[in-house]
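Coordinate inspection notes
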Amino acid sequence: MGKDFAIYTLLCLIVLFFGFQFSNTFLLVLFAFLVLAAIILRVLINIDSKNIELNLHIDHNCVQYENSYFEISLTSPKALTAAGLIYFTFEITFDKYGEKRIRSLKIPAAKKQGNIKIPFVSDNCSSVTIKCKSVELNDILGITKVKLKEPKPIIFTIFPKELPVSIVSNDHLFFTAESDQIMQDKKGSDMSEIFELREYIPGDNIKAIHWKLSNKIDKPIVRIGHSSTNTRTLIFLDIGKESNGKQIEGAKLSNAVSLAFTISHRLLDMGIGHKICSTDTQNISYYDINDLNDIIYAQKHILSSPLPNENGIGISHLLSSYKYTDFSKIIYVYSQNYSESLLRLSLLTDVTALNISDKSDEIEVSMDNKCRFYSLPQSKLEKETFNINL
């Protein structure tokens, strides 16, 4: 029982002691009243507990680092008579990284129904499961409590925040499937040879609208990366829970996910269709990215797939399966350390490696073999915009 119960019990014992010590009828009657009150509260709180139904729900999209909330709804067919505070213990699991957090809180029980918003801010983008591990209902005096039936867990997605990263490409590069040569978007080029055209649908990137053609036919038309381009550029998110036997912080892994999808957004802004792939505990999954809806689809699936234990295992699979031959450009996103296999891959195709580091306050650019490395400082991600030349 809680502190209030201990105080109430002590009060009863003191009244009883002095009642017998001084043969004081009033104190003995008071003791009997206190005991009877506790019994009545216990009976009433048991009745209230059978009438209460609790539910958890969330009805909006959540974005990394932004203020958000989930709701607890309480309903009862009858007015509650003795209910005071409800004590919750929640287990919040970030499914992508296997990270668990415990949060406890207390809310007042409504007389019949009510919704309580529970604020939270997440530093991790991931599929999230919120499970109620225990719920206890206290009476209005806090001297007795009973367990309530736990509400069903809720599962939702915290989407990655776009990072202040820009892609710099002096030649406005597009990657074609017909050869490994780079095709430049110069004045006079026929864009219909690079893009498929279709009618605009909600969620498409506004920058992809073909304004000249849209004005001619009086309806919005968008340019979509043709299959001849979107299979030649790959964003490879290759992260795991551990590196050299040491656990990697969930925040660092989450930053890598945010970086990969930020690059995906920037490629779409440039009109470049591409693929994004990620390793999980079972295999490597590839997703075609041609518009914003494709990004959202990939985010939901990647963020709900548990990471493998070992960091950087996907690169070996890419080499052994010769899958790298499908791409003329690979943007490799990693966390903390990279595999030596990455250097071998850079001898076979064009590779740029990206990560976010907490070891420096400045962007670091280096070359190893033919692989270009960009390390972005964690401390300045909210303050500066970083340019990456692909």
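Heads up: the structure comes first, above all this text.
Residues numbered from 1 in each chain as written. Predicted model: local features only at pLDDT ≥ 70, side-chain atom pairs only at ≥ 80, totals over all residues. Heavy atoms only, no water.

Once that is clear, we can look at the overall build of the protein. Scanning the protein from N- to C-terminus turns up eight helices and 24 strands. Going through the 390 residues of the protein one by one, you find that 47% of them count as buried. Contacts in the protein between residues far apart in sequence, at least 24 positions, make up 65% of those at least 6 positions apart. When the accessible surface of the protein is totalled, it reaches about 20000 Å², and 54% of it is carbon and sulfur. (Helix = DSSP H or I, 4+ residues; strand = E, 2+ residues; numbered from the N terminus. Buried < 20%, exposed > 50% of the residue type's maximum accessible area, 1.4 Å probe, protein only. Contact = heavy atoms within 4.5 Å. Areas by Shrake-Rupley, 256 points an atom, 1.4 Å probe, with all protein chains shown as cover.)

Next up on the list: the environment of Tyr297. If you trace the backbone, Tyr297 turns up in helix α6 (residues 292-303). Along the primary structure Tyr297 and Tyr287 are separated by ten residues, whereas in three dimensions their C-alpha atoms are 8.6 Å apart.

The next thing to look at is helix α1 (residues 3-21). In this model α1 runs 27 Å from its N-terminal to its C-terminal C-alpha over 19 residues, within 8% of the 27 Å that 1.5 Å per residue would give. Of the positions making up α1, those classed as buried are Tyr8, Cys12, Val15 and Gly19. Seen from one end, α1 has its buried residues packed into an arc of 65°, which puts them on one side. What points out from α1, more than 90 degrees from its buried face, is the exposed set Lys3, Leu10, Leu13 and Phe20. Contacts from the buried residues of α1 go to α2 (25-51). Once α1 ends, the next one or two residues include Ser23, with phi positive near 50°. (Expected span 1.5 Å × (residues − 1). Arc of directions from axis to C-beta.)

This part covers the pattern of salt bridges. Once the charged atoms of two side chains with opposite charge are near each other, the side chains can pair. By the definition in use, this model includes 13 salt bridges. Lys100 is the salt-bridge partner of Glu91, the closest N and O atoms lying 3.9 Å from each other. For Glu91, a relative accessible area of 16% gives the class buried. Of the charged contacts, one joins Lys323 and Asp326 as a salt bridge, the two residues approaching to 3.4 Å between their closest N and O atoms. Assessed through its relative accessible area of 30%, Lys323 is described here as partly exposed. Within the structure, one salt-bridge network assembled from shared partners comprises Glu99, Arg101 and Asp123. (Salt bridge = Lys/Arg side-chain N within 4 Å of Asp/Glu carboxyl O.)

A few words on the pairing of strand β19 (residues 284-289). Examined bridge by bridge, strand β18 (residues 274-279) and β19 share six bridges and lie antiparallel to one another. Bridge assignment links Lys275 to a residue of β19, and that residue is Asp288. Hairpin connection between β18 and β19: a loop of four residues separates the two successive antiparallel strands. (Pairing = 2+ DSSP bridges.)

Bringing the sheet that holds strand β3 (residues 67-75) into the picture now. If you trace the three strands from one edge of the open sheet to the other, you get β1-β3-β6, paired in antiparallel fashion. The open sheet has two free edges, formed respectively by β1 (53-57) and β6 (113-121), since each of these has just one partner strand. Neighbour-to-neighbour, the strand axes of the sheet open up by a mean angle of 20°, direction not taken into account. Pairing of β3 with β6 involves nine bridges; the strand directions are antiparallel. Bridge pairing in β6 places Asn67 opposite Val121. (Axes fitted to C-alpha atoms, helices over the stretch in contact; angles between N-to-C directions.)

Right, let's talk about the packing of aromatic side chains for a bit. This model, assessed by the stated rule, comprises 13 aromatic pairs. Ring centres of Phe120 and Phe156 lie 5.9 Å apart, and the angle between their planes is 55°; on these two criteria the pair is classed as tilted. Pair noted here: Phe120 is in strand β6 and Phe156 is in strand β9 (residues 154-159), with a separation of 36 residues, a long-range link. Look at Phe120 and you get buried, because its relative accessible area is 15%. (Phe/Tyr/Trp six-rings, centres within 6.5 Å; stacked < 30°, edge-to-face > 60°.)

Moving on: the environment of Ser214. With respect to the secondary-structure elements, Ser214 resides in helix α3 (residues 211-217). Classification of Ser214 by relative accessible area gives buried; the value is 7%. Placed 14 residues apart in sequence, Ser214 and Tyr200 show a C-alpha to C-alpha distance of 9.6 Å. Not counting residues within four places of it along the chain, the set of residues in contact with Ser214 comprises Ile209, Lys219, Pro220 and Ile221. Polar contacts involving the side chain of Ser214 include one to the main-chain amide nitrogen of Ile221, which spans 2.8 Å. (Polar contact = N/O pair within 3.5 Å; in protein donor to acceptor, adjacent residues only side chain to side chain.)

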